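Secondary and tertiary structure notes
Chain by chain, the residues:
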Amino acid sequence: MKVCVIGTGYVGLVTGVCLSHIGHHVICVDNNEEKVKLMKSGQSPIFEPGLSGLMKNCSASGLLEFSSDLAAGVKHGEILFIAVGTPALPTGESDTRYVEAVAKGIGSHLDENYKVIVNKSTVPIGSGDWVKMIVLDGVKERQQTGDSCDLENKIIANFDVVSNPEFLREGAAVFDTFNPDRIVLGSNSEKAIALMQQLYQPLVERTFGDNPSLPPVPVVVTDLNSAEMIKYAANAFLATKISFINEVANICDRVGADVIQVAEGIGLDSRIGSKFLQAGLGWGGSCFPKDVSALIHTADDYNYETELLKSAVNVNKRQRFIIIEKLQNELKILKGKVVGLLGLTFKPDTDDMRDAPSLNIIKELNRLGAKVKAYDPIISSQTGMSQALSDVIIETNPEMLADGCDALILVTDWQQFLKLDYPKMGKLMNNCLIIDGRNFLDKQSLQKAGFRYVGIGH
Ligand SMILES: NC(=O)c1ccc[n+]([C@@H]2O[C@H](COP(=O)([O-])OP(=O)(O)OC[C@H]3O[C@@H](n4cnc5c(N)ncnc54)[C@H](O)[C@@H]3O)[C@@H](O)[C@H]2O)c1
């Protein structure tokens, strides 16, 4: 099928590449010329395991193209994905201006051929109908510039909007796209749903998944609002589950229980499940914080106060600073101390720094007068640091990080950090203290290497 994906970030690029890999002819459109140039040269603008190789193969096969020309993309695609960012506004609401710009742009380039416009971006509940309205605004604007009324009428009858929320995890985005737990399709148009089912058929039948013997991927077909709500409810649930175990971890710290054993004990209950029960310094990234706050905001708009979700957010905010409290307990005065962060990204296997807990920790440590250094397998190898990292010294290897430190804090659970030469690093430190913000490292072997180990409820 002919597909156009508009927005080539973590979601759009992975979606475009994977859809072309399963045989569709995809044009990925982005209004960032630099990005388009990079992608045309065969390079991925983001770090995502498995993506670069797949992108090169698909480009070579001719089924994957990159462009900054929205008109060409709209003309090409019978299915048009909107996959631009929907970051949070300072009020907590979702900033839908990029979706709006794309919807209007689509409207101004639609022709008489039937198109399915797919909201892949996470958009506030009710956005399906709103996107339809904006597309029609785009059509009307074009009419004012001279196109015939007849064309407008054909176009009005000739597109449908589908909500197809994305559930991929950064760091495992390619795997998740080929092995989804479910595919959600929300629309009031049977024709649009049928086309989307045809598009996803190879994924549903697990032709490209890691385990073809599994039953077909469930496809959940709903109305537009319910599909949009499924995305917010899923993220809000996962974020709340993490805040829950963090609250339990903080109680464990006080009563002398071990949250790792507690999580194992409760996670084996099939009603609870063991995933998302890892206590630590809290959730972050480009999705959970903004999606939970957008849902709280939507509920507020409809006169409902989300007490549980607000508490999940508050627990999470506090959790980032529990690390600092633990450091103060150990070192007392932080002014003049050197603190090394192991990891900067919000989770391993990504280069995404959006709303990463490390940013709050760096800011607070600086405020308290500590000198902050950091080593991250991806960020340390990048050239041109972002403004957000201007008050941290980026080291290029773990030994340089340890050198002269009064404490290390494990912020991101990169697998590489399990295998560092901690005895050697300890010898380079002023004081052998490690705060394990993810309960990730081997406590016993660190203690053997002479470290004082402090975990979260562990
Ligand atoms: N990142 C994730 O893990 C994830 C997971 C599920 C859902 N989502 C949702 O998917 C959406 C996209 O997220 P992302 O992380 O991929 O965003 P991103 O910021 O990484 O990418 C957005 C892309 O859209 C492009 N863009 C912006 N305006 C444009 C325009 N007018 N025309 C063409 N391109 C334009 C930007 O240049 C950028 O490349 C968001 O709504 C997000 O909530 C993200």
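Above this text you will find the structure in question.
Notes on the structure in this doc start here. Bear in mind that the values here come from a model prediction, so they are computed numbers and not experimental data.

**Structural notes on the overall build of the protein chain**
Secondary structure summary: the protein chain contains 17 helices and 14 strands in total. Against the 2.2 N^0.38 benchmark of 23 Å for 458 residues, the protein chain shows a C-alpha radius of gyration of 24 Å, consistent with a compact globule. Of all 458 residues assigned to the protein chain, the portion counted as buried reaches 54%. Partitioning the contacts of the protein chain with sequence separation of at least 6, the portion at a separation of at least 24 is 74%. Summed over all atoms, the accessible surface of the protein chain reaches about 20,400 Å², with 53% contributed by carbon and sulfur. Averaged over its 45 positive side-chain charges, the protein chain has a centre that lies 5 Å from the centre of its 55 negative ones.

**As for the site of the ligand**
Contacts to the ligand come from 26 residues, most closely from Asp-30, Lys-35, Thr-86, Glu-170 and Lys-290. At a separation of 2.5 Å, an oxygen atom of the ligand approaches a polar side-chain atom of Thr-86. Within the contact set of the ligand, an oxygen atom lies 2.5 Å away from a side-chain nitrogen or oxygen of Lys-290. Against a free-state accessible area of 840 Å², the protein chains account for coverage of 88% of the ligand. Counting residues per element, the ones that place at least two in the shell around the ligand are helix H1 (10–21) and helix H5 (97–109). Its residues placed into classes, the shell around the ligand shows nine nonpolar, 10 polar and seven charged. Structurally, the shell around the ligand is a two-domain feature, drawing no fewer than three residues from each of domain 1 (2–222) and domain 2 (225–458).

**Concerning the sheet that holds strand E11 (residues 393–394)**
Read across the open sheet, the six strands follow the order E11-E10-E9-E12-E13-E14; overall the sheet is parallel. Lying at the two open borders of the sheet, with one neighbouring strand each, are E11 and strand E14 (452–454). Where strand E13 (residues 433–436) and E14 come together, three bridges link them in parallel fashion. When the sheet's bridge partners are listed, Ile-434 is paired in E14 with Tyr-453. Across the face of the sheet, helix H13 (residues 307–331) comes into contact with strand E9 (338–342), strand E12 (407–410), E13 and E14 while running at roughly 160 degrees to E13.

**Points about the environment of Glu-364**
Summarising the element assignment, Glu-364 is placed in helix H14 (residues 357–367). Counting along the chain gives 44 residues from Glu-364 to Arg-320, while the straight-line C-alpha distance between them is 9.9 Å.

What counts as what
Residues numbered from 1 in each chain as written. Predicted model: local features only at pLDDT ≥ 70, side-chain atom pairs only at ≥ 80, totals over all residues. Heavy atoms only, no water. Helix = DSSP H or I, 4+ residues; strand = E, 2+ residues; numbered from the N terminus. Rg over C-alpha atoms; globule rule 2.2 N^0.38 Å. Buried < 20%, exposed > 50% of the residue type's maximum accessible area, 1.4 Å probe, protein only. Contact = heavy atoms within 4.5 Å. Areas by Shrake-Rupley, 256 points an atom, 1.4 Å probe, with all protein chains shown as cover. Lys, Arg positive; Asp, Glu negative; His and termini not counted. Charge placed at Lys NZ, Arg CZ, Asp CG, Glu CD. Near = heavy atom within 4 Å. Polar contact = N/O pair within 3.5 Å; in protein donor to acceptor, adjacent residues only side chain to side chain. Nonpolar A, V, L, I, M, F, W, Y, C, P; charged D, E, K, R; others polar. Domains from an automatic or database assignment. Pairing = 2+ DSSP bridges. Axes fitted to C-alpha atoms, helices over the stretch in contact; angles between N-to-C directions.

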